[in-house]
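# Structural characterization, general
Here is what each chain is made of, one letter per residue.
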Amino acid sequence: MKKLMIAVVAAAAMIGIAFGAPETEKGTETLEQESGNWNNWRLTIGGFGRGNMRAKIPGMGSERVTAYGVDLDLQYNVWQNRNFNLWAGIGGTFCPRQKMSDSFGKTTSQSEHQDYPGSYATYDFYYTETSRADVELGYGEFRMMMVPEWKVTDSFALGARVGVAFDWINTKCSYRNNWAWNSVFDINIPGMIHDVDYDGDRGGSSASDTRTEFAAQAILGLQATYMFTDWVGLYANFDWRLGGETDFDMGNAGKVTVDMSGWYWGAGVVVSF
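In this report, the structure presented in the accompanying data block is examined. What you are looking at is a predicted structure, and each value in this text was computed from that prediction instead of being measured.

## Brief notes about the pairing of strand β8 (residues 232-243)
As defined by bridge partners, strand β7 (residues 193-227) adjoins β8 across eleven bridges and the pair is classed as antiparallel. Within the sheet, the bridge partner assigned to Gly-221 lies in β8 and is Asp-239. Here β7 folds back onto β8, and the loop between the two strands holds four residues. The pairing of β8 with strand β11 (residues 262-272) spans ten bridges and is classified as antiparallel. By the bridge assignment for β11, Arg-241 is matched with Gly-262.

## Concerning the pairing of strand β6 (residues 156-189)
Strand direction decides the pairing type here: strand β5 (residues 121-151) and β6, joined by 29 bridges, are antiparallel. Bridged to Gly-140 within β6 is Trp-168. As consecutive antiparallel partners, β5 and β6 are separated by four residues. One ladder, built from 34 bridges, connects β6 with β7; its direction is antiparallel. Within β7, the position partnered with Ala-157 by the bridge is Thr-225.

## Focus on the pattern of salt bridges
Any two side chains of opposite charge can pair, given that their charged atoms come close. Evaluation of the coordinates by the stated rule reveals 14 salt bridges. Here Glu-141 and Arg-143 are joined by a salt bridge, their closest N and O atoms 2.7 Å apart. Comparing Glu-141 with Arg-143 shows no difference in burial state: the two are buried. Connected through shared salt-bridge partners, Arg-50, Asp-71, Asp-73, Glu-141, Arg-143, Arg-161, Asp-167, Asp-239 and Arg-241 make up one network.

Conventions we followed
- Sequence order as written defines the numbering, with residues in each chain counted from 1.
- At least 70 in pLDDT is required for a residue's local features to be given in this predicted model, at least 80 for side-chain atom pairs to be given and counted, and no such filter applies to totals for whole chains, interfaces and linings, which use all residues.
- The side-chain values count all of the structure's non-hydrogen atoms but skip hydrogen atoms and water molecules.
- At least two bridges found by DSSP between two strands are what make those strands a pair.
- Secondary structure elements are defined from DSSP: runs of H or I of at least 4 residues count as helices, runs of E of at least 2 residues count as strands, and each element is numbered from the N terminus.
- For this analysis, a salt bridge means a side-chain nitrogen from Lys or Arg found within 4 Å of a carboxyl oxygen belonging to Asp or Glu.
- Exposed residues in this analysis have more than 50% of their type's maximum accessible area, buried residues have under 20%, and partly exposed residues fall in between, with area computed by a 1.4 Å probe over protein chains only.

As structure tokens, then:
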């Protein structure tokens, strides 16, 4: 279902960008071009936050991932009248690699106690192992998008965002494992022998690896734009990104799975020309 949604949104975005709006037929009413505040081109530059993404390591659970970065879009007004704009364009984002807010971790332990009444002996054994993984996530994005807008006033517009995003996702995983065990063998025969034998060991290992994979997501969202002048304004948007899981084989550091589905909000400056 997710792949079908991405394909449909991608087709709609590419058709709109490639062909724009149909020409008006001869004899029909000519659509009026707004004289102020809505030029044919606009450039949006701002920052974004992206949350609710999920990263997981089999056997160690999963964590929600939130990332921040910068984005930019260039759009062309392919069709408009007094009350409506239809923008189509391309854009991109950059999110530097950032550490997750929490780290994966698990601890396992084992203990054993045995009595040997015939020999007046006891045996105790204890083992513990702690594993920890730190995951960093960064990505870049290229997107194609359509933004149909309703002009609430001459300066303010509300619109929808529909498109498809192609991402490269960079993941770094650092893994550490520490273990320790000890044992005590105690034999006590009153008047004859009393001997205690201690044994044990400890150690650990670590690994780190970085991988890059590619993924696609559908873009479904809302956007508000306010123009202070014919040339400069502000925008804010809120998207839902829909895509599948991406697997990263990190070698000795294990396997990491990232689901990029989640919310995406942005705000910044609009330059119209």
